[in-house]
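The chain contents come next:
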Amino acid sequence: MNNRAAEDRAQAAPCPGLPQPCARSARPQSDRRAAVPAGRAGAAPGHGGRAGAAPGAAAVPGPRRLGDRPGRRATAHRGEAPRRAARRRPGPHRRPAQAGKSAKVAGGDGALSRCRREPARRGGQAVHGGALLGSGDSRGKLTARERILLLLDPDSFDEYDMFVEHRCTDFGMDSSKNKYPGDSVVTGRGRINGRLAYVFSQDFTVFGGSLSGAHAQKICKIMDQAAMVGAPVIGLNDSGGARIQEGVESLAGYADIFLRNVLCSGVIPQISLIMGPCAGGAVYSPALTDFTFMVKDTSYLFITGPDVVKSVTNEDVTQEQLGGAKTHTTVSGVAHRAFENDIDALLNLREFFNYLPLSNRDPAPVCECHDPSDRLVPELDTIVPSESAKAYDMLDIIHSIVDEREFFEIMPMYARNIVVGFARMNGRTVGIVGNQPKVASGCLDINSSVKGARFVRFCDAFNIPLITFVDVPGFLPGTAQEYGGIIRHGAKLLFAFAEATVPKITVVTRKAYGGAYDVMSSKHLRGDVNYAWPTAEVAVMGAKGAVQIIFRGKEANAEEEYVEKFANPFPAAVRGFVDDIIQPSSTRTRICHDLDILASKSQSSPWKKHANIPL
Amino acid sequence: MAAAPLLRCGGRRARLPGWETLYSRWCLITSHNLYSSVYDPNEKTFEKLLIANRGEIACRVIKTCKKMGIKTVAIHSDVDANAVHVKMADEAVCVGPAPTSKSYLNMDAIMEVIRKTRAQAVHPGYGFLSENKEFARRLASEGVTFIGPDTHAIQAMGDKIESKLLAKNAKVNTIPGFDGVVKDADEAVRIAREIGYPVMIKASAGGGGKGMRIAWDDEETREGFRFSSQEAASSFGDDRLLIEKFIDNPRHIEIQVLADKHGNALWLNERECSIQRRNQKVVEEAPSTFLDPETRRAMGEQAVALAKAVKYSSAGTVEFLVDSSKNFYFLEMNTRLQVEHPVTECITGLDLVQEMIRVAKGYPLRHKQADIPINGWAVECRVYAEDPYKSFGLPSIGKLSQYQEPLHVPSVRVDSGIQQGSDISIYYDPMISKLITYGSNRAEALKRMEEALDNYVIRGVAHNISLLREVIVHPRFVQGDISTKFLPEVYPDGFKGHELTDLERRQLLATAASLYVAEQLRSQRFLGTPRIPIAKSKRRSWELSVHLGDEIYPVAVSKHGSSFSVEVDGMKLNVTSEWNLASPLLSVTIDGTQRTIQRISRNASGETSIQFLGTVYKLQILTKVAAELSKYMPEKAAEDTSSILRSPMPGTVVAVSVKPGDTVSEGQEICVIEAMKMQNSMIAAKTGKVKAVHCKAGDTVGEEDLLVELE
């Protein structure tokens, strides 16, 4: 052991410019290393069993790499020589600039703090490294700090609370070998493309990322500050659940976070990226945030794990089936998008962040745009098929209208009969909602109404103008829908569009039938600019059904008459329900122009404590 | 164009502004014609002409009609209701559903349209009814002028057996072979042995490579006979076959002729059409590098002799095979306007469509043989919606999500009948356009072609630009050393795209890396004054890692003003551009070399595909840090669900368009499901053979029900 400590120092020495670990830090470190098996054994079954998140514990922590201190080299050398060799960072990477910066936060970087900072940066890996890596984590989970490194602009991370330790004294948790500076989460602030963001990244290598009172306190601190300053909070979730040893203190910690999630809701954008297990009570924090993204194959979200499910309902189900990325992005609608791996997810998150305003006090961001706002889109003149029963892809319309064909779709695999997502028009972020005629004819059903409603409310809360493309044959009929409560779920979308006060531009591309016409950001719901393409059909219902009701099928020519009368945009236009019938190719130009005008829109609703959306 | 301001929309018409502007733009574009036949406005001509065709050739004919002041009538199938030719014409009438047999070949419907619209003449274009003597006869019987030769000439030349006899009598060199119809496979073998292998078995009524087989032995002859007769029966409704000596490694050179009804005939020089795949032409040029003036004259005179022998009037093409000793053999005569006629127009300055219309109206030719020049050089590339990496081109279908013709390049002519947003469907020829460049000499024409191909934006469907570009820069092609076997000889293992030299690879890497950095820099630029100031990055250099092919290249980029200095493989390159990230075309100067590249796609994960020197390369660009970490990301085996088609919703199966054993291409419609009174087309997610079909028309299916399995 002393040898290893010596090795630590020896390894550290050749790196010039690094704060050298002092003798004091080397000591407890080696102690901890010795205590690895005990520490793990104690932590893992505890929290794992509680939430049925045993997988979390079983899931081997990601190998620690970037931001590693020299000391870890010596600790992670057992049974993994080839991988470790590849992982060695050349000098610059092992010298993150946080070292200096975090000093500002901590207030002076004396020898003492420097010594404690080293183990904090290592987290649990310093201890677990070698042994756990031997069991081989081939699933590509990055460490908490590596994730932050990729998410934020280089050298922009200012870390908070590096010296915070958990305060549990039971079950031997107070022994120094079970204390990790910083505990199981890394928190701080940084920049994404120059813009401020607050971040927390749970460290699975420390007690499985389990949530202690201190862990929760660290998260709450940055959330409070984010809300005060007005900047988004991004959570990188990778936690086995509650810190069982702390009992109710851990639960209190969750509740503290939940409360802040709720208070921040609509004030600052909150984004959760699930990068490991997230089970039990822990799932409610992501659920309360605005967007939940997942990493395929390594992240899970469930209330109870497969073991508990088996014992209660006798269902055999795998983690992946129960709460994997595929389940939540296609079946449950819990997650908004899934990404291939940690790197893919973090890079996409950076791109996504650029669409968002920092808070509800900020307007939608405007990026430099190279796509001319007066670009005509000739293909739109022919995109709607002449047969009204034939489908087309609403995404084709969206891609061709928005800047540079870039569309960040939200929930692309769930309730695909409605398309929602972010794009830019002449550089300005807009939220796009469109019925998708290609899927289930673009009808509104329970899932698509809820999906649309949540998106519309996000945009409204954060000053993002809404552009709605309408081709909706109506609400989906049937017992499944009625029993499922399509009335109250459909009402959510209606509610969301009606209450929204951001600029609302609507384009009816084809069908706008029945109640669904009203719902889809119609003029009557305070739509600012409502356009119809010449192919639009604004009517109570399709001609066939209408004629059957009016004439009980007795009039032979009635259907033609109905088509003539209502299957076109004019009845709506003469009543002023659409502001203009436009050449489809000019849609982009018009919308860009309208958005410029509407940027100064100001509209208010009667005072209320809050509205009562039909939940 | 009185009908222009009318916008078509689902059978209804709404008068809307905006179209005029588009139309006038379009007119501007079409002024690049590269032919200059003078139009005499005092010469009386037809008042109204119907074009019995679609696509680029219909547009081509309409352009000349407009110039001559003739009103035009377009016909179209229902899927073509919004096609360009329909919009260009003064009138348009639907003649039936998508399959050609029910629309563009539907003579009854077309005759009805002619009567209704009172068109005085019909231009058949090429393909479809252009060489159909029955159609010409029916037109004649109703007193409508057919813009083409008379029925007799069509019949004589349309039949390969008869045409060969005629050619022999007119003292035209012909290929040794059997002059009669082959009755059965045994006879085919006997005749083949007499002529000597290899032999060519072809449909008597054929053309365009259909129903054509080459046989090198008895067995292949039997097989070829069977396939060719099947193909001939299905394509032309005529299963008669003939056999002739197959001239190995020949060139395909054809002579354009133009004759009037007064016994005058001219030859308008040759077109070299040797670059072919599966007997279909890909690159054509005029003149040919191979012909000397004597051979040219000999071929031209024989062609004219043949035209006179059949009392030919209108434009026609006499095709010859030319062997390496400049012996030429008559192959066939096409009694129509050829696809590749523009190259002849470029070098002679004649508008062939205009001449055809004049001749059909009964006017004598205005030119003498001595007036027909060879001015400069013209090259034509046929741009197809097809994947050149599979057998030099398997059709691809889809919507042209972006489409921009390279008309800003000087001396470029593009004959096309599609526009951005058009669908390339399975019903018709997958040709996107004909791209023609002209120069004072061959090198100039080829240089412009290179530039034009680089500047051609086609997105949404696979296309053969990469193959075309490789062909026109290949040393053998540049030297003129070509034959009809050029492609299989040059690419024996199939076409694989451009092979980068070391320098080109560095250029590509440097460009891609610069583009990445430009994008990164732009994403930090926000307009307005944000409440929380944006931290300005002072970063001036980037260490990147670029994945190209199987290699990972470290690339260092540093910014100097608007240009980037990029270090790749120990070499420093200077990359300058305007970095307009929205434009589909990007002009980049790399150490003084100008390249036009196209960024086809990009995503947040650093994956990007770039069209460089015609070929699309896939790259992944990551920062050095991300690249180091990406080593730990597990490789994921792609889950293949593309071979199973499930119903995405409950509904009724309206139609199933495949049966087990069929080969379907990616994107092809497999079946149609009606749900909520909407027809949803289910398409194949990959190219393959149909293994099983689990539904039939009329079935009611539930969500996720298995419909079709592919192998």
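Conventions we followed
- Residues numbered from 1 in each chain as written.
- Chains lettered and ligands numbered in written order.
- Predicted model: local features only at pLDDT ≥ 70, side-chain atom pairs only at ≥ 80, totals over all residues.
- Heavy atoms only, no water.
- UniProt positions renumbered as here; feature names shortened; annotations may be inferred.
- Helix = DSSP H or I, 4+ residues; strand = E, 2+ residues; numbered from the N terminus.
- Rg over C-alpha atoms; globule rule 2.2 N^0.38 Å.
- Buried < 20%, exposed > 50% of the residue type's maximum accessible area, 1.4 Å probe, protein only.
- Contact = heavy atoms within 4.5 Å.
- Areas by Shrake-Rupley, 256 points an atom, 1.4 Å probe, with all protein chains shown as cover.
- Lys, Arg positive; Asp, Glu negative; His and termini not counted.
- Charge placed at Lys NZ, Arg CZ, Asp CG, Glu CD.
- Domains from an automatic or database assignment.
- Pairing = 2+ DSSP bridges.
- Axes fitted to C-alpha atoms, helices over the stretch in contact; angles between N-to-C directions.
- Salt bridge = Lys/Arg side-chain N within 4 Å of Asp/Glu carboxyl O.
- Polar contact = N/O pair within 3.5 Å; in protein donor to acceptor, adjacent residues only side chain to side chain.
- Nonpolar A, V, L, I, M, F, W, Y, C, P; charged D, E, K, R; others polar.
- pLDDT = per-residue confidence, 0-100.

Named according to an unreviewed UniProt entry, chain B is Propionyl-CoA carboxylase alpha chain, mitochondrial originating from Taeniopygia guttata. Note on chain B: under the UniProt heading Cofactor (unreviewed entry), the record states "biotin". UniProt lists a comment for chain B under the heading Subunit (unreviewed entry), and it reads "The holoenzyme is a dodecamer composed of 6 PCCA/alpha subunits and 6 PCCB/beta subunits. Interacts (via the biotin carboxylation domain) with SIRT4. Interacts with SIRT3 and SIRT5."

(A) Geometry of the overall build of chain B. The secondary structure content of chain B amounts to 18 helices and 40 strands. Taking 2.2 N^0.38 as the reference for a compact globule, 711 residues should give roughly 27 Å; the C-alpha atoms of chain B span a radius of gyration of 28 Å, in line with that estimate. Overall size of chain B, expressed as C-alpha extent along the three principal axes, is 85 × 65 × 60 Å. A buried classification covers 57% of the 711 residues belonging to chain B. Partitioning the intrachain contacts of chain B with sequence separation of at least 6 by distance along the chain shows that 63% fall at a separation of at least 24. For chain B, the accessible surface area stands at approximately 28900 Å², while carbon and sulfur atoms represent 50% of it. The distance from the centre of the 89 positive side-chain charges to the centre of the 90 negative ones in chain B is 5 Å.

(B) Structural context of the domain arrangement of chain B. By domain assignment, chain B separates into domain 1 (35–147), domain 2 (176–245), domain 3 (251–490), domain 4 (502–523 + 539–631) and domain 5 (644–710). Using only C-alpha atoms to locate each centre, domain 4 of chain B and domain 5 of chain B end up separated by 42 Å.

(C) Region of the structure containing the pairing of strand 21 (residues 412–416) of chain B. Residues and elements named next belong to chain B. Counting buried residues in strand 21 gives five out of five residues, a clear majority hidden from the surface. By the alternation rule, side chains of strand 21 split into Val412, Val414 and Ser416 and Arg413 and Asp415, which are all buried. One ladder, built from five bridges, connects strand 21 with strand 23 (residues 431–439); its direction is antiparallel. Each bridged residue has a counterpart across the sheet, and for aspartate 415 the counterpart in strand 23 is lysine 434.

(D) How the structure looks around the sheet that holds strand 33 (residues 644–646) of chain B. Residue and element names in this part refer to chain B. Read from one edge to the other, the open sheet built from four strands follows the order 33-40-38-35, with strand pairing classed as antiparallel. Two strands in the sheet have a free side with no partner beyond their single neighbour: strand 33 and strand 35 (663–664). For strand 33 and strand 40 (residues 706–710), the ladder comprises three bridges, and the chain directions are antiparallel. Within strand 40, the position partnered with leucine 645 by the bridge is valine 708.

(E) Examining the sheet that holds strand 9 (residues 337–339) of chain A more closely. Residues and elements named next belong to chain A. In space, the seven strands of this open sheet follow the order 1-2-3-4-5-7-9, with mixed pairing throughout. Looking at strand neighbours, the two that pair on one side only are strand 1 (158–160) and strand 9, the edges of this open sheet. Strand-to-strand twist of the sheet, defined as the mean angle between neighbouring strand axes without regard to direction, takes the value 25°.

(F) Broad picture of the interface of chain A and chain B. In this complex, chain A contributes 78 residues to the contact, which on the side of chain B involves 54 residues. Applying the counting criterion to the chain A and chain B interface returns five salt bridges. Residue glutamate 404 of chain A pairs with arginine 522 of chain B through a salt bridge whose shortest N-O separation is 2.7 Å. Run the count over chain A and chain B and you get 17 residue pairs in polar contact (both at pLDDT 80 or more). Those elements giving two or more residues to the side of chain A that touches chain B turn out to be helix 6 (81–87), helix 10 (144–151), strand 3 (195–202), helix 17 (342–353) and strand 14 (504–513) of chain A. If you tally residues by element for the side of chain A that touches chain B, the top one is helix 17 of chain A, at six residues. In the side of chain A that touches chain B, the residues fall into 30 nonpolar, 19 polar and 29 charged.

(G) Broad picture of unusual backbone geometry. With omega at -5°, the peptide bond leading from alanine 286 of chain B into proline 287 of chain B counts as cis. For proline 287 of chain B, the position within the fold is in the loop between strand 13 (280–286) and helix 10 (293–309). Phi is positive for phenylalanine 171 of chain A, which is not a glycine, with a value near 55°. Residue placement: phenylalanine 171 of chain A occurs in the loop between strand 1 and strand 2 (185–192). Taking the relative accessible area as the measure of exposure, phenylalanine 171 of chain A reaches 67% and is therefore exposed. Notably, arginine 526 of chain A is not glycine yet its phi reads approximately 65°, a positive angle.

(H) Spotlight on the confidence of the model for chain A. Residue and element names in this part refer to chain A. The share of residues in chain A with pLDDT of 70 or more is 77%, and the mean pLDDT across the chain is 81. Looking at the elements of chain A, mean pLDDT is at its lowest for helix 3 (residues 36–51), recorded as 35, and at its highest for strand 11 (residues 418–425), recorded as 98. Here residues 1–108 is modelled with pLDDT under 50, and outside its nearest four sequence neighbours on either side it reaches 207 contacts, counting other chains as well. Segment residues 126–136: pLDDT under 50, and 29 contacts once partners within four positions in sequence are set aside and those in other chains are kept.

(I) Here's a closer look at helix 10 of chain A. Counting buried positions along helix 10 of chain A gives seven out of eight residues, so the element sits mostly inside the fold. Considered for burial, the residues of helix 10 of chain A that qualify are Ala144, Arg145, Glu146, Arg147, Ile148, Leu150 and Leu151 of chain A.

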